Amino acid sequence: MPWHVCKPVHTFFRKEFQKVYDCLDVKLIERGESYYQDMMTTVVKEFEDKGLVEMDEGRKIVFTPGLPLPLTIVKSDGGFTYDTSDLAALKQRLMEEKADIIIYVTDSGQGVHFQVVFAAAQMIGWYDPNVTRVEHAGFGVVLGEDKKKFKTRSGDTVRLMDLLEEGLKRSMDKLKDKERDKVLTPEELQAAQTSVAFGCIKYADLSHNRINDYVFSFDKMLDDRGNTAAYLLYAFTRIRSIARLANIEDATLRKAAETTELVLDHEKEWKLGKCILRFPEILQKILEDLLLHTLCDYLYELATTFTEFYDTCYCVEKDRQTGEVVKVNMWRMLLCEVTAAVMAEGFDILGIKPVHRM
């Protein structure tokens, strides 16, 4: 199809995709298949020059050690294939961008394909797997509440933009049910709506083992009880509000962090402290296996452990008559701040944006 015919369609779809990327705060360097066109010719020649190409009924194919399926790098009609473009893209990322880690995130059904592509790249000497990490992170299928592939009532595939818009509507309904529209400014309400809607959709996806299929449910996703983004976001804003409501400035907390001795006398203080200290271990695990549900489970555990601590151990003591602050337990305030800081880091890794008031 001529470019003057394709261009308007191409422009339209790019604008529609950009709406989704903006909602999810996704940043892309856009490189279509045409970007790799000349590289594909070079890749085919490189495999030919090294004697790694076989002919099969007019196709040019490449076998890799230990794998039964070959790559087809040139079709019988002379055209290139996805195998060719994937090889070219991988070489460009390795040789030009000097990547140390390359993660391909696609459905699990493409696992064998990428296994062969990576094996071919190693066979030809593009990278050493002991030095450079190239990996496929596959994911399962999203199911509806009927346990079948997630579709609309008419049987069509659910558009992601429709899903995001529905999330916005439902999150606003949830906030109004809690009468948050009566205590938040319009700007704060909108920020909370966006945080809950997009955060919950991301968390619903990431909190499940990505390898397995999972059931998507708006009701469960927006529930502020249990292991959901809604619960964690509410917990986070609650923790952040403790110092603010006690009129303790950030500068005071920073100074206290340098001078205050942590006295963990209560069992709930110890439990929270030990949970906080596990954060580096969790980060190391998800770096190794790329399974982010482990981080989600940890954040939920941290939030519930904090609730146990806060319900048992006073941080700020107020006069029951006047409501004025009588006493502040500074080491417990520091535990609150560290808990919030760890949760904020976890949210950042998951792509969730918390708000200060909700």
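Reading the values: rules and limits
- Residues numbered from 1 in each chain as written.
- Predicted model: local features only at pLDDT ≥ 70, side-chain atom pairs only at ≥ 80, totals over all residues.
- Heavy atoms only, no water.
- Phe/Tyr/Trp six-rings, centres within 6.5 Å; stacked < 30°, edge-to-face > 60°.
- Buried < 20%, exposed > 50% of the residue type's maximum accessible area, 1.4 Å probe, protein only.
- Lys NZ or Arg CZ within 6 Å of the ring centre and 35° of its normal.
- Helix = DSSP H or I, 4+ residues; strand = E, 2+ residues; numbered from the N terminus.
- Contact = heavy atoms within 4.5 Å.
- Pairing = 2+ DSSP bridges.
- Axes fitted to C-alpha atoms, helices over the stretch in contact; angles between N-to-C directions.
- Disulfide = S-S within 2.5 Å.

Asks: Can you help me understand the packing of aromatic side chains in this one?
Replies: Each aromatic ring pair is specified by the distance between its two centres and by the angle formed by the two planes. For the coordinates displayed, the defined rule picks out 12 aromatic pairs. Pairing Tyr-35 with Tyr-36 gives two aromatic rings, centres 5.0 Å apart and planes at 85°, and the pair type is edge-to-face. A relative accessible area of 36% places Tyr-35 in the partly exposed class. Put simply, the rings of Phe-12, Phe-13 and Phe-17 pair up and form one aromatic cluster. Lys-178 extends its terminal NZ or CZ atom over the ring of Tyr-234, reaching a point 5.5 Å from the ring centre. Looking at Arg-332, its charged tip hangs above the ring of Tyr-314, at a distance of 5.4 Å from the centre.

Asks: Is there a simple way to think about the side chain of His-136 in this case?
Replies: You can see His-136 is positioned in strand 5 (residues 133-139). Filtering out sequence-adjacent residues up to four positions away, His-136 remains in contact with Tyr-104, Thr-106, Asp-107, Ser-108, Gln-110, Gly-111, Phe-114 and Phe-118.

Asks: When you look at the sheet that holds strand 2 (residues 59-62) in this model, what are you seeing that I'm missing?
Replies: Within a sheet, neighbouring strands are paired by backbone hydrogen bonds and run either parallel or antiparallel to one another. Taking strand neighbours across the sheet as the criterion, the 3 strands line up as 1-2-3 in an open arrangement whose pairing is antiparallel. The open sheet has two edge strands, strand 1 (54-56) and strand 3 (71-74), and neither has a second partner. Sheet twist, expressed as the mean angle between neighbouring strand axes with direction ignored, is 45°. With 3 bridges joining them, strand 2 and strand 3 adopt antiparallel strand pairing. Within strand 3, the residue paired with Val-62 across the bridge is Leu-71.

Asks: I'm lost on the state of the cysteines in this one. Help?
Replies: A disulfide bridge is the covalent bond that connects two cysteines by way of their sulfur atoms. Tallied over the entire structure, the rule returns 0 disulfides. Looking at the unpaired Cys-200, the closest cysteine sulfur is the one in Cys-296, lying at 12 Å. Classification of Cys-200 as buried rests on a relative accessible area of 1%. Take Cys-275: it sits in no disulfide, and the sulfur closest to it among the cysteines is that of Cys-336, at 14 Å.

Asks: Quick question: what am I supposed to make of unusual backbone geometry here?
Replies: Residues other than glycine predominantly adopt negative phi, and peptide bonds predominantly adopt the trans conformation. Backbone geometry places Glu-179, a non-glycine residue, at a positive phi of 60°. When you line up the elements, Glu-179 lands in the loop between helix 5 (160-177) and helix 6 (186-206). Judged by its relative accessible area of 43%, Glu-179 is partly exposed. Within the chain, Asn-247 stands out as a residue other than glycine whose phi angle is a positive 60°. Looking at the secondary structure, you find Asn-247 in the loop between helix 8 (229-245) and helix 9 (250-259).

Asks: What should I look at first to understand the pairing of strand 2 in this one?
Replies: With 3 bridges connecting them, strand 1 and strand 2 associate as antiparallel partners. Looking at strand 2, one finds that Glu-54 is bridged to Ile-61. The turn joining strand 1 and strand 2, which pair antiparallel and follow one another in sequence, is formed by 2 residues; a positive phi near 50° is taken by Glu-57.

Asks: Help me out: how do you make sense of the environment of Met-330 in this one?
Replies: Topologically, Met-330 is positioned in helix 13 (residues 330-350). For the pair formed by Met-330 and Glu-179, sequence separation is 151 residues and the distance between their alpha carbons is 33 Å.

Asks: In this structure, what is going on with the environment of His-266? I would like to understand it.
Replies: Topologically, His-266 is positioned in the loop between helix 9 and helix 10 (267-277). His-266 gets classed as partly exposed once you look at its relative accessible area, which sits at 27%. Here the alpha-carbon distance between His-266 and Val-342, two residues 76 residues apart in the chain, equals 21 Å. The residues touching His-266, leaving out its near neighbours within four places in the chain, are Thr-312, Cys-313 and Arg-332.

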